[in-house]
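# A structural walkthrough
If you want the building blocks of each chain, they are given just below.
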Amino acid sequence: MNNQELQKLTESIAINEFNQPFQHQAFFNNRLRTTGGRYMLESHHIEINPKQYETYGKQALIDIIKHELCHYFLHIEGKGYQHKDQDFKLLAEKVKAPRFCQPIKSYQSRVKYEYQCLSCQTTFQRIRSVNIEKMRCGKCGGRLKLLRQLR
C-alpha cells in the first residue's frame, strides 16, 4: 500500500464511520518505532507506522486509522481529544477503535537488562537500565543488583 491508497482509505473510513470528511493528509512514516500512528495537532495530518501494516495487515491499519481519526475529529471540534478524556473514550468505543495497537516486537525480545532483588530474589527484566541506587524491589522494597546485560 502506498500513501495515495492510505489517503483514500482514511477518507473512506472518515465518511463511513464518522460521517465527516477527512480534509488533511494521511501518510506512512518509516521513522515511527513504538507507536502505530499519530495525529499531529498543528498540521492535522495523520502519520502511520508502515510496519504495522506489513506485520498485521489491513485490519490493523484500519484500527489505527480509526483511533487517529478519533483524535482528529475531536480536536477539530474543540472537544477532549486525549486518551484520558471522556469524549475520546466514548467516540473510540462508538466506532470500535482500539486503545492500543499490537506491538511489532514483544517486550521479551526487547529486554536488555536483568535485575535481581537482594532480599526476595525476584528477577526483573527491563528494556532500559535503571539506577540501582534509587530503584527498589516492587515486591519487598529490597535493593537491586544487575544480574546481566543481555545485549
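Definitions and limits used
- Counting starts from 1 at the beginning of each chain's written sequence and moves along it residue by residue.
- The predicted nature of this model means local features are confined to residues of pLDDT at least 70 and side-chain atom pairs, given and counted, to a pLDDT of 80 or more, with totals for whole chains, interfaces and linings taken over all residues.
- In computing side-chain properties, one takes all heavy atoms of the structure into account and sets aside hydrogens as well as water.
- UniProt positions are given in the numbering used here, feature names are shortened, and annotations may be inferred rather than shown by experiment.
- Numbering of helices and strands starts at the N terminus; helices are DSSP runs of H or I of at least 4 residues and strands are runs of E of at least 2.
- Our radius of gyration looks at C-alpha atoms and nothing else; its globule reference is 2.2 Å times the residue count to the power 0.38.
- Buried residues are those whose accessible area, probed at 1.4 Å on protein chains only, stays under 20% of the maximum for their type, while exposed residues exceed 50% and partly exposed ones sit between those limits.
- Whether two residues are in contact is decided by their heavy atoms: any pair within 4.5 Å suffices.
- Only the protein chains shown count as cover for residues, and all accessible areas are computed by the Shrake-Rupley method using a 1.4 Å probe.
- DSSP-based pairing: two strands are paired if at least 2 bridges between them are found.
- For helices, the fitted axis covers only the stretch in contact; all axes are lines through C-alpha atoms, and the angles between them, taken along N-to-C directions, range from 0 to 180 degrees.
- In this description, a nonpolar core means a group of buried Ala, Val, Leu, Ile, Met, Phe, Trp, Tyr and Cys residues linked to one another through side-chain atoms lying within 4.5 Å.
- Relative orientations are named as follows: roughly parallel for angles under 35 degrees, roughly antiparallel for angles over 145 degrees, roughly perpendicular for angles from 65 to 115 degrees, and oblique for any other angle.
- Two helices that cross are described as forming a left-handed crossing if the nearer one is turned anticlockwise from the farther one by less than a right angle, and a right-handed crossing if clockwise.

With an unreviewed UniProt entry as reference, the protein is termed Protein SprT-like, source organism Staphylococcus coagulans. As recorded by UniProt, the Subcellular location (unreviewed entry) comment attached to the protein reads in full: "Cytoplasm".

## Looking at the overall build of the protein
Secondary structure summary: the protein contains five helices and six strands in total. Start at the N end of the protein and walk to the C end: the helices and strands fall as α-β-β-β-α-α-α-α-β-β-β. For a compact globule of 151 residues, the expected C-alpha radius of gyration is about 15 Å, and the protein comes in at 20 Å, more than 25% above that figure. Along the first, second and third principal axes, the C-alpha atoms of the protein reach 60 × 35 × 25 Å. Evaluated residue by residue, the protein yields a buried proportion of 35% over its 151 residues. Put simply, of all contacts in the protein between residues at least 6 apart along the chain, 44% involve residues at least 24 apart. Carbon and sulfur atoms make up 47% of the accessible area of the protein, which amounts to about 9800 Å² in all.

## Remarks on unusual backbone geometry
Note: most residues except glycine have negative phi, and most peptide bonds are trans. The phi angle at His44 is positive, at roughly 70°, despite the residue not being glycine. Phi is positive for Gln121, close to 70°, though the residue is something other than glycine. Along the chain, the position of Gln121 falls in the loop between strand 4 (113–117) and strand 5 (123–126).

## A word on the sheet that holds strand 6 (residues 144–149)
Adjacent strands of a sheet pair through backbone hydrogen bonds, lying either parallel or antiparallel. Strand order in the open sheet formed by three strands is 5-4-6, with antiparallel pairing between adjacent strands. Each of the sheet's edge strands pairs with one partner strand only, and the pair in question is strand 5 and strand 6. Strand-to-strand twist in this sheet, taken as the mean axis angle between neighbours without regard to direction, amounts to 30°.

## Remarks on the nonpolar core
Counting residues in each nonpolar core, the largest one holds 25 residues, and the members touching the most others are Phe18, Ile46, Ile48, Ile65, Leu69 and Cys70. Those elements that provide at least two residues to this core are helix 1 (3–18), strand 1 (26–28), strand 3 (46–48), helix 3 (58–77) and helix 4 (86–94). Looking at which element gives the most residues to this core, the answer is helix 3, with nine residues. Sequence-distant contacts of Cys70, that is, excluding residues within four places in its chain, are made with Phe18, Phe88, Leu91, Ala92, Val95 and Ala97. Tyr115, Cys117, Phe124 and Cys137 belong to the second-largest nonpolar core, a separate cluster that totals six residues.

## Thoughts on the packing of helix 3 against helix 4
At a closest axis distance of 10 Å, the pairing of helix 3 and helix 4 adopts a crossing angle of 135°. When the axis of helix 3 is compared with that of helix 4, the two are oblique. Considering only the axes of helix 3 and helix 4, their crossing is right-handed. Across the interface between the two elements, His67, Cys70, His71 and Leu74 from helix 3 touch Asp87, Phe88, Leu91 and Ala92 from helix 4.

## Brief notes about the UniProt feature "active site" (unreviewed entry) in the protein
Look at the UniProt record and you will see "active site" (unreviewed entry) annotated at Glu68. With respect to the helices and strands, Glu68 occurs in helix 3.

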